[in-house]
Amino acid sequence: MSTIRPAPVTGPALGFPTGFRWGGSTAAYQIEGAATEDGRGRSIWDVFARIPGAIAGGDTGDVACDHYHRFRDDVALMAGLGLTAYRFSVAWPRVQPSGKGPASSVNQAGLDFYRRLVDELLGHGIEPWVTLYHWDLPQPLEDAGGWPVRDTAARFAEYAALVHGALGDRVDRWITANEPWCSAFLGYGSGVHAPGRRDGAAAVAAAHHLLLGHGLAVQALQAARPDVEVGLAPNLYAVSPATGTDADTDAARRIDGLANRIILDPVLRGRYPEDVLADLTAAEVSDLGHLREGDLATIANPGTFLAVNYYSRYVVAAGTGRQLPSAWPGSEQVRFVGRGWPVTAMGWEIDAPGLAETLVRLHREYPPLPLFVSENGAAFEDTVDAGGEVQDPDRIAYLAAHLRACHDAIAAGAPLAGYFVWSLLDNFEWAEGFSKRFGIVHVDYPTQRRTPKASAAWYARVIGRNGLADG
Ligand code: FCB
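Residues numbered from 1 in each chain as written. Predicted model: local features only at pLDDT ≥ 70, side-chain atom pairs only at ≥ 80, totals over all residues. Heavy atoms only, no water.

1. Here we look at the overall build of the protein chain
So, step 1. Looking only at helices and strands, the protein chain has 15 helices and 14 strands in total.
So, step 2. Computed over C-alpha atoms, the radius of gyration of the protein chain comes to 21 Å, within 12% of the 23 Å expected from 2.2 N^0.38 for 471 residues, which places it in the range of a compact globule.
So, step 3. Expressed along its principal axes, the backbone C-alpha trace of the protein chain runs to roughly 60 × 60 × 45 Å.
So, step 4. Residues classed as buried in the protein chain amount to 62% of the 471 residues present.
So, step 5. The long-range fraction of contacts in the protein chain, counting pairs at least 24 apart against all pairs at least 6 apart in sequence, stands at 77%.
So, step 6. On the protein chain, the mean spot of the 40 positive side-chain charges and the mean spot of the 54 negative ones are 1 Å from each other. (Helix = DSSP H or I, 4+ residues; strand = E, 2+ residues; numbered from the N terminus. Rg over C-alpha atoms; globule rule 2.2 N^0.38 Å. Buried < 20%, exposed > 50% of the residue type's maximum accessible area, 1.4 Å probe, protein only. Contact = heavy atoms within 4.5 Å. Lys, Arg positive; Asp, Glu negative; His and termini not counted. Charge placed at Lys NZ, Arg CZ, Asp CG, Glu CD.)

Structure, rendered in structure tokens:
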């Protein structure tokens, strides 16, 4: 740890429930590197990153944070911060390069890496939380049609069972899919993420098959271990109309439907929202032919908790025209409006009350489930100062405000049981490459030197007192 002096946490002391998880979050392609080592196959991100112009700066995840080779040091760093939990993802092509097939198609060297990582975590008293799918579909499965194709859901469940078979003796907490909305609508709708397809109908089908994959994977894990702790990690948004007009209110309904309810309602209520299906069919985006009898019964199994990724609020207004390609099939006319609020380096407005709103909404409108914030954090323009330190007061303010929002949500009755900061390390931020830094630990990519930022020391203090406090 460096000698950074943490910025004081101001405001009244706010304690969190006993046993509250304090975690850090990462994802395989964003940190591991070692893209061709020990039998790892190619994922859609390996291929997409090589398309000229796809990624800022032409960056790739080939080396990333070299976590594959440095995981022991990284776990020691986590332990130094006092993290009680660590959420990472398994790279599907590292353990099953072809994405399918018999047990003999499993890459044991890949599984061994995750066994070593988990053992290292457990050895430091850090609870491993394994995300099975954080966007790195094996390229052979994309070549066979990808998520718009039904078979991919079945392949995912097989892979989930395989990973559980290898790690289930030492991992209690599982997340099926990270942010199915992004995989479906950025990957197959707007095409800004891998695999870069631009087809609204394909995006809608992909969303369904991701949810089906979730449901089948929960079944597989529960069959292997009835008391398994497993959940989904959608990215959720607070959504508000820019004005009180009927047109803006309808725009907010559409975006809430396409961003939040299209994921939450099937999983938690066993049905798609009628208004969303009506929007899609009215706009002739999809004939919904991918929906099959019995699918919803499979999807309507959230597992045992819900994990929430939260970054910002959408403020929307009615507009005209259809700008394509779009991540909002059938609702392309909706405009996203800035309020002039402070933004992060991603341009996302900072709206901590939106996190409380999101958690309380889940608590009030959906069936009861323990909740976890599985991602929350911010990119800012960090620099290493002359003393070798990274002062990031904006990130500390962001995190503090959002933890206050968590506290507010708990006070309002939401059963929130943990918080994972995005991210432990600066990393490969998808289409933004390495240009955006989300870490509480700075990574100097040429040397791979890790420098805990002031926010890391601040977070360690929050964890140490199980809450926010004065001074
Ligand atoms: C989320 C992703 C995560 C990271 C953050 C900033 O959408 O799950 O991998 O990129 O955004």
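2. Here we look at helix 14 (residues 393-411)
So, step 1. With 19 residues, helix 14 should cover 27 Å at 1.5 Å per step; its first-to-last C-alpha distance of 27 Å lies within 8% of that length.
So, step 2. Just past helix 14, the residue Gly-413 takes up positive phi, approximately 105°. (Expected span 1.5 Å × (residues − 1).)

3. Describing the site of the ligand
So, step 1. Near the ligand you find Gln-30, His-134, Trp-135, Asn-178, Glu-179, Tyr-311, Glu-375, Trp-422, Glu-429, Trp-430 and Phe-438, and these make up its full shell.
So, step 2. Between the ligand and Glu-179 there is a distance of 2.4 Å, counted from an oxygen atom to a side-chain nitrogen or oxygen.
So, step 3. In this structure, Glu-375 approaches the ligand through a side-chain N or O atom, which is 3.0 Å from an oxygen atom.
So, step 4. Relative to its free-state accessible area of 290 Å², the ligand is covered by the protein chains to the extent of 95%.
So, step 5. In the shell around the ligand, the residues fall into 5 nonpolar, 3 polar and 3 charged. (Near = heavy atom within 4 Å. Polar contact = N/O pair within 3.5 Å; in protein donor to acceptor, adjacent residues only side chain to side chain. Areas by Shrake-Rupley, 256 points an atom, 1.4 Å probe, with all protein chains shown as cover. Nonpolar A, V, L, I, M, F, W, Y, C, P; charged D, E, K, R; others polar.)

4. So, the confidence of the model for the protein chain
So, step 1. Summary statistics for the protein chain give a mean pLDDT of 96 and a share of 97% for residues scoring 70 or more.
So, step 2. Low pLDDT, under 50, characterises residues 1-9; the predicted model gives this stretch 25 contacts beyond four residues in sequence or across chains. (pLDDT = per-residue confidence, 0-100.)

5. Things to note about the nonpolar core
So, step 1. Formed by 152 residues in total, the largest nonpolar core has its most connected members in Trp-45, Tyr-114 and Trp-174.
So, step 2. Per element, the largest residue contribution to this core is 11 residues, and it comes from helix 9 (residues 200-224).
So, step 3. Setting aside chain neighbours within four positions, we find Trp-45 in contact with Tyr-29, Ile-55, Trp-135, Asp-136, His-193, Ala-194, Phe-428, Trp-430 and Ala-431.
So, step 4. Counting residues in hydrophobic clusters, the runner-up holds 8 residues, among them Ala-85, Trp-129, Ala-233 and Ala-307. (Core = buried A, V, L, I, M, F, W, Y, C linked by side-chain atoms within 4.5 Å.)

6. Regarding the side chain of Ser-89
So, step 1. Following the sequence through the fold, Ser-89 ends up in strand 3 (residues 85-89).
So, step 2. Reaching out from Ser-89, the side chain makes a polar contact with the backbone nitrogen of Ala-28 at a distance of 2.8 Å.
So, step 3. The residues touching Ser-89, leaving out its near neighbours within four places in the chain, are Thr-26, Ala-27, Ala-28, Glu-32, Tyr-114, Thr-131 and His-134.

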